[in-house]
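These are the residues of each chain, in order.
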Amino acid sequence: MKRSHEYDSPVLSRIVSVIAVLAICICSVCTVLTTYKMTQLTAGTAAVAPGNSATPANNGGNGGNAAAPANNGGNAGTDANNGGGDATPPADTANYQEILDKYTEVMDKLKAEVATYTKKEYQDLPKDKLDMGALASILQPVINGFLTTEDKAEEQQRDDAAQIPIIDNTRGCLLTDVSAIKSASMTENGGKTTIVITLNDEKNSQPAEPGATTAPSNVGGMFSPLSKASIDETLAGISVVKVNSFDLNLVDCTATLVFDTESLKVESLEQIMNYDISADVKAAIIGISGTGFLINTMKIYNVTYK
């Protein structure tokens, strides 16, 4: 099975449940959920902010959807070096580059020198973001059973750098394309620096391979998104459900990094990934199309260094 390169908690199976559980319920075969347990794969990080991403507020008036490299499934947009449309002012591009460089430096140091840390991860599927028609009220409790809410999330005491984003990589950030950034800020207060980076939307972002020096998507260069190929493989094994199509649109994925300004030692990292899920499924003779949002929040804190 293709390695999914995602976080420890079974978020992959939970996203699969959003797509498949509605059809399974209709067929009165909810026992399939128990049979498959939807936990055989591990999964990755997330949070919700619906809609298409826009270029930064200080971008010179370019409103449309955000940019992604040619090898990504993301929405098209304008880069500072792109001759078409309104370009991002050079000063803004330089500022974003400085912030990205500092984020990369701090995260690489964390991956190389971390000794121990606490990790917490939880999910949410807001019912007002679940569009399954009249079935939403029936399916919401079933789907919620697959989620780990914040109050029930375990505080994991860890000493493995491999499970810090980017998962299974010695680097903490592989993103180099500044045009992938929707907004970024870096502020200093009382000897602590806070970096907040939000990326442009991407469709079906792919994670970086273990040990890779580049990522196949912008989101995969900073986060560890779910592998669509892994989900395809899982869904193919559920015979009672035919998935005609599904997409994972990653929206406003945001990383917040707090570190000591002088030593560059991390105090906390929060990564929020927003999965805008759309699916068309069929069970028996019944077909349904629907959408939902899965919010995955991953936090790292109580960090000690070697």
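Residues numbered from 1 in each chain as written. Predicted model: local features only at pLDDT ≥ 70, side-chain atom pairs only at ≥ 80, totals over all residues. Heavy atoms only, no water.

1. Let's talk about the overall build of the protein chain
Heads up, the condition is: Every helix listed is a DSSP run of H or I at least four residues long, and every strand listed is a run of E at least two residues long, numbered separately from the N terminus. Relative accessibility under 20% of the residue-type maximum defines a buried residue, over 50% an exposed one, and the middle range a partly exposed one, all with a 1.4 Å probe and only protein chains included. Contacts: residue pairs with any heavy atoms within 4.5 Å of one another.
Across its full length, the protein chain holds five helices and nine strands. The helix and strand sequence of the protein chain, counted from the amino end, reads α-α-α-β-α-β-β-β-β-α-β-β-β-β. Looking at the protein chain as a whole, 52% of its 306 residues are labelled buried. Expressed as a percentage of contacts within the protein chain between residues at least 6 apart in sequence, the contacts between residues at least 24 apart total 77%.

2. Overview of the pairing of strand 3 (residues 181-189)
Quick reminder of the rule: DSSP calls a pair of strands paired once it identifies at least 2 bridges connecting them.
Inspection of the sheet shows strand 3 paired to strand 4 (residues 192-199) by eight bridges, in the antiparallel sense. Bridge pairing in strand 4 places Ser185 opposite Val196. Between strand 3 and the antiparallel strand that follows it, strand 4, lie two residues; Gly190 among them carries a positive phi value of about 60°.

3. Structural notes on the side chain of Lys182
Rules: Whenever two N or O atoms come within 3.5 Å, that pair is a polar contact, provided that in protein one can donate a hydrogen and the other can accept it, and provided that, for residues adjacent in sequence, both atoms are side-chain atoms.
Mapped onto the elements, Lys182 comes out in strand 3. A polar contact of 2.9 Å, which involves the side chain of Lys182, links it to the side chain of Asp252.

4. A word on helix 5 (residues 228-236)
Heads up, the rule is: Of all possible arcs, the one meant is that of the directions from the helix axis to the C-beta atoms.
Those residues of helix 5 not exposed but buried are Lys228, Ser230, Ile231, Thr234 and Leu235. When helix 5 is viewed along its axis, its buried side chains cluster within an angular range of 155° and face the same direction.

5. Some words on the nonpolar core
Filter applied, for reference: By nonpolar core is meant a set of buried Ala, Val, Leu, Ile, Met, Phe, Trp, Tyr and Cys residues that side-chain atoms within 4.5 Å join together.
Within the largest apolar cluster, 48 residues are counted, with the highest numbers of intra-cluster contacts made by Tyr103, Ile197, Met222 and Leu257. With residues up to four places along the chain from it excluded, the contact list for Met222 reads Leu100, Tyr103, Pro165, Ile166, Cys173, Leu175, Ile197, Leu199, Ala255 and Gln271.

6. A few points about the confidence of the model for the protein chain
What counts is decided by this rule: How sure the predictor is of each residue is captured by pLDDT, a score from 0 to 100.
Model confidence for the protein chain is summarised by a mean pLDDT of 72, while 60% of its residues fall at 70 or above. Confidence over residues 1-9 falls short of pLDDT 50; this stretch has 57 contacts with residues more than four positions distant or in other chains.

7. Looking at unusual backbone geometry
The omega torsion of the bond from Pro165 to Ile166 falls at 10°, within 30 degrees of zero and hence cis. On the secondary structure map, Ile166 appears in the loop between strand 2 (156-158) and strand 3. The residue Leu264 is not glycine, and still its phi comes out positive at about 65°. In this structure, Leu264 sits in the loop between strand 7 (254-260) and strand 8 (266-283). The exposure class of Leu264 is buried, given its relative accessible area of 12%.

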